[in-house]
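# Observations on the three-dimensional arrangement
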Amino acid sequence: MNTALITGITGQDGSYLAELLLAKDYRVIGGVRDAESAAVRLSADLKNKVDLVEWKMMDQRLMIEILAEVRPAEIYNLAAYSSGAGMFDDPVGIGEVNGLAVSRILEAIRAVDMNIRFCQASSREIFGEAVESPQTESTPTNPRSPYGAAKLYADAMIRIYRQRYGLFACSAILFNHESPRRSLEFVTRKITHEAVKIKLGLTTKLHLGNLDAQRDWGFAGDYVRAMWLMLQQERPDDYVLATGKAHSVRELCDLAFAHLGLDYRDHVHEDASAYRSTEPALLVGFAAKANRELGWQPEVEFKELVQLMVDADLKILSENFEY
Ligand code: GDP
């Protein structure tokens with residue numbers, strides 16, 4: 001039985017990846033900051049099926065001890081400060097956790113077992129103010145935030161360890177990937193959640209930033225499948241994972257409200273100066289390499305993604321409120 005260590009198992013991607021690996025008969029270990037609070041946040045289903053270990057991103061010795069004890073065949077590093085509005089908050093912390101800690105993991109792998117395979121959740125933020133669109137693995141990087149700079153540093157270290165030590169280490173350059181498990185500060189979930197609240201009469205208005213902002217939004221479950229595929233190849237490499245299609249926040253609103261029989265124009269209030277009003281670069285990825293070499297393509301289309309998120313919020317909110 002293969003053992004996989006997933007950092008960030010309580011997050012959106014960690015939970016989808018854990019489910020995927022369990023279905024493939026892996027033993028799954030979740031590396032978490034605090035085992036007690038993580039156990040509370042894990043879904044009831046996962047709680048009984050995964051083991052948790054305390055994993056500190058700043059603690060090199062602890063990483064080595066855990067790897068020596070657990071002996072994972074694969075490590076997926078999904079623990080990090082997330083993107084969104086907080087990409088400029090705590091730049092030093094972001095540098096430590098999203099950047100330097102990846103070097104610690106690589107060093108721990110080198111110290112314990114060079115055969116451990118490693119997949120890093122990198123980000124489209126390495127392209128930042130992108131110099132071309134769509135972005136591929138060979139697009140020049142140009143981070144615009146401490147978040148993007150830290151992710152780029154991690155990617156560079158992964159390449160260096162691959163070249164110098166022959167480690168099987170890869171970066172998944174992830175474009176936006178969403179799901180009903182997305183937290184409410186991301187615009188996708190904010191919209192689906194609030195639209196459902198409006199439908200149920202729990203609120204009347206939804207305040208958003210720039211409705212013309214665009215993103216390449218895919219389904220998180222598809223993206224973790226690609227990360228697993230990356231570690232099953234003969235050679236390690238980096239891959240852009242994206243749908244290749246950009247959609248606006250306005251389209252998202254339109255689809256979400258329409259799915260509930262509502263017109264978003266009756267409920268959404270735009271304050272274009274809120275939430276990063278100026279974003280000149282179009283962040284859209286081109287995943288031809290992943291398609292060609294991994295046989296990967298996203299299965300959930302944008303419209304389906306929005307609708308499944310609305311349906312999930314409808315279920316959660318209807319169960320939690322009497323109306
Ligand atoms: P990001 O891609 O990591 O920045 O994820 P977000 O979901 O936070 O933002 C996606 C895009 O939606 C960005 O261009 C935001 O500026 C835009 N946006 C517009 N209104 C909102 C809002 O009310 N909340 C958030 N989070 N983003 C918004």
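Residues numbered from 1 in each chain as written. Predicted model: local features only at pLDDT ≥ 70, side-chain atom pairs only at ≥ 80, totals over all residues. Heavy atoms only, no water.

## Re the pattern of salt bridges
Side chains carrying opposite charge are able to pair once their charged atoms draw close together. Formally: Note on definitions: salt bridges are taken to be side-chain nitrogens of Lys or Arg within 4 Å of carboxyl oxygens of Asp or Glu. Each helix is a run of DSSP H or I of at least 4 residues and each strand a run of E of at least 2, with the numbering of both proceeding from the N terminus. Relative accessibility under 20% of the residue-type maximum defines a buried residue, over 50% an exposed one, and the middle range a partly exposed one, all with a 1.4 Å probe and only protein chains included.
Summed over all chains, the structure comprises 21 salt bridges. For Arg 159, the salt bridge identified is with Asp 238, shortest N-O distance 3.6 Å. With a gap of 79 residues between them, Arg 159 in helix H6 (residues 146–165) and Asp 238 in the loop between helix H8 (220–230) and strand E11 (239–241) connect regions that are remote in the sequence. Residue classification places Arg 159 among the partly exposed positions, given a relative accessible area of 34%. The class for Asp 238 is buried, based on a relative accessible area of 8%. When the shortest N-O distance is used, the salt bridge between Arg 250 and Asp 212 registers 3.2 Å. Here Asp 212 lies in the loop between strand E8 (206–208) and strand E9 (214–215) and Arg 250 lies in helix H9 (residues 249–259), a separation of 38 residues in the sequence. You can call Arg 250 partly exposed: its relative accessible area is 28%. Counted as one network, the salt bridges with shared partners bring together Arg 124, Glu 125, Glu 129 and Arg 144.

## A short note on the layout of surface pockets
The criterion, for reference: In this analysis, the protein atoms alone were mapped onto a 1 Å grid. Cavities are point sets where a 1.4 Å probe fits without being able to get out; pockets are open sets with protein on both sides within 12 Å along at least five of seven lines; lining residues have an atom within 4 Å of a point. Grid points are joined across faces, edges and corners, and a volume is the space filled by probe spheres set on the points. Residue ranges assigned to the domains are those given by an automatic or database domain assignment.
Of the voids in this model, the largest pocket is the one considered here, and its volume is about 1300 Å³. Lining the largest pocket are 43 residues, with Gly 8, Gly 11, Leu 78, Ala 79 and Ala 80 sitting closest to its centre. Among the secondary structure elements, those contributing two or more residues to the lining of the largest pocket are helix H1 (12–23), strand E2 (27–32), strand E5 (117–123) and H6. Tallying contributions element by element places H1 first for the lining of the largest pocket, with five residues. Inspection of the lining of the largest pocket shows a minimum of three residues originating in each of domain 1 (3–177 + 217–241) and domain 2 (182–216 + 245–283 + 300–319).

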